Amino acid sequence: MLWPVALAFSLLFFWGCDKEEPIPGYLYIPSITVSTNSNGTQGSNASEIVDAWVYVNGKFIGVFELPSRIPILETGKNDVLILAGIKKNGLSTERVTYPFYEQFEQKVDFGPGKIDTLNPIVKYRSICTFPWLEDFEDQRISLEGSGSFTTIDSMYITNDPFEVYGFDAIKNKYSGKIQMDTGLQFFENSSIQLFALPRSGQEIYLEFNYKTDVELSAGFYPITSSFVTGVSIVRLFPTNGVWKKAYVSLKEDVNSPQYAGAEFRMVFNAQSNNATVVPEIFFDNIKLIHF
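Residues numbered from 1 in each chain as written. Predicted model: local features only at pLDDT ≥ 70, side-chain atom pairs only at ≥ 80, totals over all residues. Heavy atoms only, no water.

Draft legend 1. Just the sheet that holds strand 1 (residues 25-29), in detail. Taken in spatial order, the three strands line up as 5-1-9 in an open sheet, and their pairing is mixed. Each edge of the open sheet is held by one strand with a lone partner, namely strand 5 (68-72) and strand 9 (115-117). The mean angle between the axes of side-by-side strands here comes to 25°, regardless of whether they run parallel or antiparallel. Of the pairings in the sheet, the one linking strand 1 to strand 5 comprises five bridges and is antiparallel in character. Within strand 5, the position partnered with I29 by the bridge is S68. (Pairing = 2+ DSSP bridges. Helix = DSSP H or I, 4+ residues; strand = E, 2+ residues; numbered from the N terminus. Axes fitted to C-alpha atoms, helices over the stretch in contact; angles between N-to-C directions.)

Next up, the structure:
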């Protein structure tokens, strides 16, 4: 009757011989930045890239909020591909890769316990079209007052270093500013230019930096007749004195059948009703982009 003891011994031996877990290497990505061309036809390099979509040797590893340290089990030199991720329409629930940024690729020599740091720089894809760029650096404004019920329709240019986005006195010297009044106030500005946007499913985005004391909306006017109704696509919350970046997707609304043959004006509006505080709104680096 010795076999139960022998069996117990063999099971203990089997359990004690489990393979050790492999030690991963790590890919550390603090941020992803944007590089634009030198001739100014792509506008500013301002961005708000929040995620890295990571692939190793063609295998999808995952989506990682930046900054992030990512465990990698592969060893030796491997092909790493990174796509820049944004919050579509300012929503944390809409994390997508930005279609206009090129992918970043690099070989990385991974090893157990080793930390490799990458600082990816992405560019706009060469097939991007930029029908509208407004950075206020020429001290002219390509927006005008619009809407039927506005009480404040004037945007002006500020060069106050404490108000200008990324002020450096060289490339970033001016931003657009709206100063509302106390009481019930309505602001609206739309692009002076009309845009003929693609309606075959291509990606279309409106990018802009903003800082606002009040809730801010962005959308467009589809110009199809003498009677025009604006389309609000995003509502952005007050930023508490901090500059933010919005990536507004227009494709879904522009392709609506009811806008066949339309041209479009981009529009921003806001409403406030404060008895004591004079709200302010700031804009910079406005871009309309499509393929």
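Okay, back to it.
Draft legend 2. Representation of the sheet that holds strand 18 (residues 231-236). Taken together, five strands build an open sheet; the order of strands is 12-15-20-17-18 and the sheet is antiparallel. Two strands bound the open sheet, and with one partner strand each, they are strand 12 (143-145) and strand 18. Taken over all neighbouring pairs, the strand axes of this sheet differ in orientation by 25° on average, direction set aside.

Draft legend 3. Representation of the packing of aromatic side chains in the model. Under the criterion given, the structure shown has 20 aromatic pairs. On the basis of an interplanar angle of 55° and a centroid distance of 6.0 Å, the ring pair of F208 and F283 is categorised as tilted. Note that F208 is positioned in strand 16 (residues 204-212) and F283 in strand 21 (residues 280-290), a separation of 75 residues in sequence. The exposure class assigned to F208 is buried, which follows from its relative accessible area of 0%. Taking the centre distance of 6.4 Å and the plane angle of 90° together, the rings of Y259 and F264 count as edge-to-face. Exposure class is identical for Y259 and F264. Each is buried. Three or more aromatic residues link up through ring pairs in this structure, and these residues are Y98, F100, Y101, Y124, F130, Y205, Y247 and F291. (Phe/Tyr/Trp six-rings, centres within 6.5 Å; stacked < 30°, edge-to-face > 60°. Buried < 20%, exposed > 50% of the residue type's maximum accessible area, 1.4 Å probe, protein only.)

Draft legend 4. Layout of the pattern of salt bridges. All told, the structure shown has 11 salt bridges when counted by the stated rule. For K88, the salt bridge identified is with E252, shortest N-O distance 2.9 Å. Placement of K88 in the loop between strand 6 (76-87) and strand 7 (95-97) and of E252 in helix 2 (residues 251-254) is noted, with a sequence separation of 164 residues between them. One salt bridge in this structure joins E280 and K177, with 3.3 Å as the shortest N-O distance. Of this pair, E280 sits in strand 21 while K177 sits in strand 14 (residues 175-179); the two residues are 103 residues apart in sequence, bridging distant segments of the chain. (Salt bridge = Lys/Arg side-chain N within 4 Å of Asp/Glu carboxyl O.)

Draft legend 5. Representation of the nonpolar core. Within the largest apolar cluster, 37 residues are counted, with the highest numbers of intra-cluster contacts made by F208, L250, M266 and F283. If you list the elements that add at least two residues to this core, you get strand 16, strand 17 (216-223), strand 18, strand 19 (244-249), strand 20 (263-274) and strand 21. Not counting residues within four places of it along the chain, the set of residues in contact with F208 comprises L216, A218, L236, K244, K245, A246, V248, F268, F283, D284, N285 and I286. (Core = buried A, V, L, I, M, F, W, Y, C linked by side-chain atoms within 4.5 Å. Contact = heavy atoms within 4.5 Å.)

By themselves these figures say nothing about function.
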